[in-house]
Amino acid sequence: MPANNPAINAAAASGPGPLHEAASFFVVTFAELAVLFVLISLTVAWLRQRLPAERIQAMLAGRSGYLAAVGLGAVTPFCSCSTLPMLTGLLQARAAFGPAMAFLLTSPLLNPYVVALFWLVFGAQVMLIYTLVVLATAIGAGVLLDRLGFERYVTLPEPAARGCTAGGRPAWRELGAEALGQLRQFLPHLLLGVAVGAVVHGYVPESLVARLAGEPAWWLVPVAALSGVLLYLRASTMIPVAASLVAKGASLGPVLALTVGGVGASLPEMIMLKRLFRWPLLAAFIVVVLGTACLTGYGLMALDWSRA
């Protein structure tokens, strides 16, 4: 076979195909999320051992509970999918429903890594607007969902049985078994969610994402936010991509709406949340994330117009 075969050279130059991209994404993402899920579940089980349910309830009770919840969300560097073990642990400990929802919304959107990236990439003013919008919508949505009685739409998995040591506290082996049991209960939803994310990753062209955020038209903000929710985006990868789109002339409003929609929720996360939430609560969560993305996008569009 000739060494310089044009067909082989062209195939090599084109890089891996969409099937290879999707398969690689599935393997890497599933392995990463499964490990994260077990580690976070193990940490939550250990915290429940150290902190009785009554103390967790007291910490997240009343108006100050919302501040504690968003503070907890702001210091936990979780992606949208890896917040679920922590949320499950809070709900199983009978933490107040409203603050638990505030944590769910805050954790992927507002943590030290995200805030630092926003500051470095977009500047302090954009970071401050983003932070205020996330905090306001997370607390406001938590209060509203609690007052509307959406807690009745939560379907918690049964806690795994735990063995005890002689001192009456669960041993690490039993805590590990509990964490693996939690993973098994979520495993079908995790597999399906990552599979959907892999198909999107492999077959949705980046040029389409760029076009969605390329013009300052008002209607692009909700379209970009919805597109972000349908994709599987992480802050560590999406914020640099957003910076490159803005550098190429894309409007900041739609780009940030795309970022917030994708980082705050994703199709894999929604599939996994279906294990915990019935449809009314899941729909309300999606509406809140879209609202947060749109408020951020329109706020930054208004900032651009005021500068013009």
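To keep things clear, this report deals only with the structure shown in the data block. (Residues numbered from 1 in each chain as written. Predicted model: local features only at pLDDT ≥ 70, side-chain atom pairs only at ≥ 80, totals over all residues. Heavy atoms only, no water.)

Its identity is not glycine, yet Arg 94 carries a phi of approximately 65°, on the positive side. Note that Arg 94 resides in the loop between helix H5 (84-92) and helix H6 (97-109). (Helix = DSSP H or I, 4+ residues; strand = E, 2+ residues; numbered from the N terminus.)

Let us look at a nonpolar patch on the surface. The grouping of Trp 218, Trp 219, Val 223 and Tyr 298 at the surface amounts to a nonpolar patch, some 430 Å² of accessible area in total. Assignment of secondary structure puts Tyr 298 in helix H15 (residues 279-307). Assessed through its relative accessible area of 33%, Tyr 298 is described here as partly exposed. (Patch = residues over 30% accessible without salt bridge, like charges linked within 9 Å, V, L, I, M, F, W, Y side chains within 5 Å. Areas by Shrake-Rupley, 256 points an atom, 1.4 Å probe, with all protein chains shown as cover. Salt bridge = Lys/Arg side-chain N within 4 Å of Asp/Glu carboxyl O. Buried < 20%, exposed > 50% of the residue type's maximum accessible area, 1.4 Å probe, protein only.)

With respect to the secondary-structure elements, Pro 85 resides in helix H5. A relative accessible area of 1% places Pro 85 in the buried class. Expressed as a C-alpha distance, the spacing of Pro 85 and Ser 41, which sit 44 residues apart in the sequence, is 5.3 Å. Among residues more than four places away in sequence, those in contact with Pro 85 are Phe 37, Ile 40, Ser 41 and Val 44. (Contact = heavy atoms within 4.5 Å.)

Empty space within the second largest pocket amounts to approximately 310 Å³. Lining of the second largest pocket is provided by 15 residues; of these, Leu 47, Leu 51, Leu 72, Met 86 and Leu 90 occupy positions nearest its centre. Every element with two or more residues in the lining of the second largest pocket is listed here: helix H2 (18-50), helix H3 (53-59), helix H4 (62-75) and H5. Among the elements that take part in the lining of the second largest pocket, H2 stands out by supplying five residues, more than any other. Grouping the constituent residues of the lining of the second largest pocket by class yields twelve nonpolar, two polar and one charged. (1 Å grid on protein atoms, 1.4 Å probe; cavity = no way out; pocket = protein on both sides within 12 Å on 5 of 7 lines; lining within 4 Å. Points joined across faces, edges and corners; volume = space filled by probe spheres on them. Nonpolar A, V, L, I, M, F, W, Y, C, P; charged D, E, K, R; others polar.)

So, on to the nonpolar core. Residues Leu 87, Met 101, Leu 104, Leu 273, Phe 277 and Leu 281 are the most contacted members of the largest nonpolar core, which totals 52 residues. Every element with two or more residues in this core is listed here: H2, H4, H5, H6, helix H8 (124-147), helix H9 (172-203), helix H14 (267-273) and H15. No other element matches H6, which puts seven residues into this core. Setting aside its immediate chain neighbours within four residues, Leu 281 contacts Phe 97, Met 101, Leu 145, Phe 150, Tyr 153 and Val 154. Counting residues in hydrophobic clusters, the runner-up holds 31 residues, among them Phe 118, Val 126, Ala 225 and Leu 303. (Core = buried A, V, L, I, M, F, W, Y, C linked by side-chain atoms within 4.5 Å.)

At a minimum axis distance of 7 Å, the contact between H6 and H8 shows a crossing angle of 155°. It follows that H6 is roughly antiparallel to H8 by the angle criterion. Helix-helix and strand crossings are classified by hand; for H6 and H8 the assignment is right-handed. For the pair H6 and H8, contact is made by Phe 97, Gly 98, Met 101, Ala 102, Leu 105, Thr 106 and Leu 109 and by Tyr 130, Val 134, Ala 138, Ala 141, Gly 142, Leu 145 and Asp 146, respectively. The residue makeup of the contact of H6 with H8, split by class, is ten nonpolar, three polar and one charged. (Axes fitted to C-alpha atoms, helices over the stretch in contact; angles between N-to-C directions. Parallel < 35°, antiparallel > 145°, perpendicular 65-115°, else oblique. Left-handed = near helix turned anticlockwise from the far one by under 90°.)

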